[in-house]
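Per-entry structural report
What follows is each chain in one-letter form.
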Amino acid sequence: MEWPFPRLRRARPPLLPSPPTLLSWTAGEAVTAADLCEGTAILGQTGGGKSSTSGRLVAEAMIRNGWGGLVCAVKADEASTWVEYARRAGRLDDLLIIGPSAHHFNPLDHQLKRLGSGGGLCESVVDMFTSLMELADRGKGQGGRGDNAYWLLACQQMIRNFTLLLILAQDKVSALDLYKAIISAPNSLEQVGSEQWRKDSFCFKLLKAADQRELATSQRSDLELAADYVLVQFAGLAEKTRSTIVSTFTSMADVLLRGVLRDTFGGESTITPEMCGEGKIILVGLSVKEYGTAGVLANGIMKFAWQRAMEQRDVSAPAARPVFLFCDEAQYMVTGTDSLFATTCRSSKVALVLLTQNLPILIAALGGGDKGRSEALALLGNLNTKVFHCNSNPETNEYAANLIGRTRQFFVQGGTSQQGSDWLAHTMGVGQPPQCSASVSEQLDYEVSPSRFACLRTGGVAHRGIVDSILFRSGKKFVASDKTWLAATFRQQL
């Protein structure tokens, strides 16, 4: 019986134009802007060729296509490397180096002007100093976060209230004023009523100035909370407790108030993170290897402010320019907030590119233990493309092998055997003939064995500049392998 209704044909959707290719891992393996904005992690041992091959390939592709971004500097030659990248792309005018004798940036003033006065600024300042304290503690060999949760929370509470007091009193915040307000706060409940303290204390002058200003109802409530904290809670703390909380902040702030950090981040801003959206490339000119803790804090300040600014920029226009955050030796720069940033930066057209040696060093940088491991795995999990170069670290190699996964594989075994016989039977040809055996077993095994990652070529003269890698990309198969992983070979520029 014929169907009485006409047969409807589903119209084929129009083919969308292919996005432009920024780079190719190998012939035919196109990488688009969307791919890079899903994050890239490059892992490999020291001397494994990651910076000079896959890292360089990604960096030059982004510069060549007009992207802006932030480059954190750990190695002393990072600046000269990126100057050469920009020169080859014809973009030297877009490269801005931040440092005491170059461009300056005031992070607290930037937060105030961008967000205006109010609670948002307070939390931004608290978050920034929390990240900086984490980085500073790591530089002192204290293993990052998590060991003294109470002192961290208490220090955050102190920074929050004194920052709020500065805003309500004078509509501006600086590291120096925050430092002066904290060290001039009352040391006891008795000192609160002291006329001498009220006369000499910068903290009391702030309280008085804020109280005399015309404030909105919500601001007046904030002032009451800040005053209660300063005059009651903070003053009422035991001497040892209060001094520990204060020193947690001042030991880090002291570095910001002198030398190259004061000259770089204490004056008027000549650049802002938002300039990256216009195609500027900001390079931190204070490398960790040259400036030590000051270099760590300089990179941390710029990275924090840049991430906040990029997450709040408007990218609704189709022509909005993608930007990048590039961190070689990323273990010096990562903090606990980076895994969260990696979850949302794609929607802000941000390409996060991190290079490091191995998984354990990333775990240690994030505080070690179960929490450090969880944060490290979460961070790597949110970087969709992973490039594995030669590595002698078993844990990293097992991580890579498990990431690629196991497949059903067949193993064939065979053998021969011959039973012994006496010489007479052998002579008469009546001995037992040889016996053969064969078996086939099926089991799940690594598609790429962990041992393979330790055998990849590392470039240099010994390997004629050839560097091997194994790429992994979830959710999208490579053309050449029809799998989510691909063996790729790069060539160094010797």
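Keep in mind that what you see is a predicted model, and the values were worked out from it rather than measured. (Residues numbered from 1 in each chain as written. Predicted model: local features only at pLDDT ≥ 70, side-chain atom pairs only at ≥ 80, totals over all residues. Heavy atoms only, no water.)

1. What to know about the overall build of the chain
Helices and strands together make up the secondary structure of the chain, namely 21 helices and 13 strands. The proportion of buried residues among the 494 residues of the chain is 46%. The long-range fraction of contacts in the chain, counting pairs at least 24 apart against all pairs at least 6 apart in sequence, stands at 75%. (Helix = DSSP H or I, 4+ residues; strand = E, 2+ residues; numbered from the N terminus. Buried < 20%, exposed > 50% of the residue type's maximum accessible area, 1.4 Å probe, protein only. Contact = heavy atoms within 4.5 Å.)

2. What to know about helix H15 (residues 293–311)
Between its terminal C-alpha atoms H15 stretches 27 Å, which fits the 27 Å expected from 19 residues at 1.5 Å a residue. In terms of residue burial, H15 counts as a mostly covered element, since 16 of its 19 residues are buried. (Expected span 1.5 Å × (residues − 1).)

3. Notes on the side chain of arginine 91
By secondary structure assignment, the location of arginine 91 is in the loop between helix H3 (78–89) and strand S5 (95–98). Not counting residues within four places of it along the chain, the set of residues in contact with arginine 91 comprises Met62, Ile63, Gly66, Trp67, Ala86, Gly279 and Ile281.

4. Section: the sheet that holds S5
Sheet strands pair by backbone hydrogen bonding; their relative direction is either parallel or antiparallel. Spatial strand order, S5-S6-S4-S7-S8-S3-S9-S12-S13: nine strands in an open sheet with mixed pairing. The two strands at the open ends of the sheet, each matched to only one other strand, are S5 and strand S13 (485–491). Across the sheet, the mean angle separating the axes of adjacent strands is 20° when strand polarity is ignored. Sheet topology places strand S4 (residues 68–72) next to strand S7 (residues 323–327); five bridges connect them, and they run parallel. Within S7, the residue paired with glycine 69 across the bridge is phenylalanine 324. (Pairing = 2+ DSSP bridges. Axes fitted to C-alpha atoms, helices over the stretch in contact; angles between N-to-C directions.)

5. Side note on the nonpolar core
For soluble globular proteins, nonpolar side chains are generally found buried alongside one another. Core analysis: the largest hydrophobic core is formed by 106 residues, its most contacted members being Phe129, Met158, Phe162 and Phe249. Counting 31 residues, the second-largest nonpolar core is a separate cluster that includes Val58, Ala59, Trp82 and Phe478. (Core = buried A, V, L, I, M, F, W, Y, C linked by side-chain atoms within 4.5 Å.)

6. Some points on unusual backbone geometry
Backbone geometry follows two general trends: most residues other than glycine have a negative phi, and most peptide bonds adopt the trans configuration. Even without being a glycine, aspartate 171 presents a positive backbone phi close to 60°. By secondary structure assignment, the location of aspartate 171 is in the loop between helix H6 (149–170) and helix H7 (175–183). Its identity as a non-glycine residue notwithstanding, glutamate 329 has a phi of 55°, on the positive side. Given the relative accessible area of 12%, glutamate 329 is considered buried.

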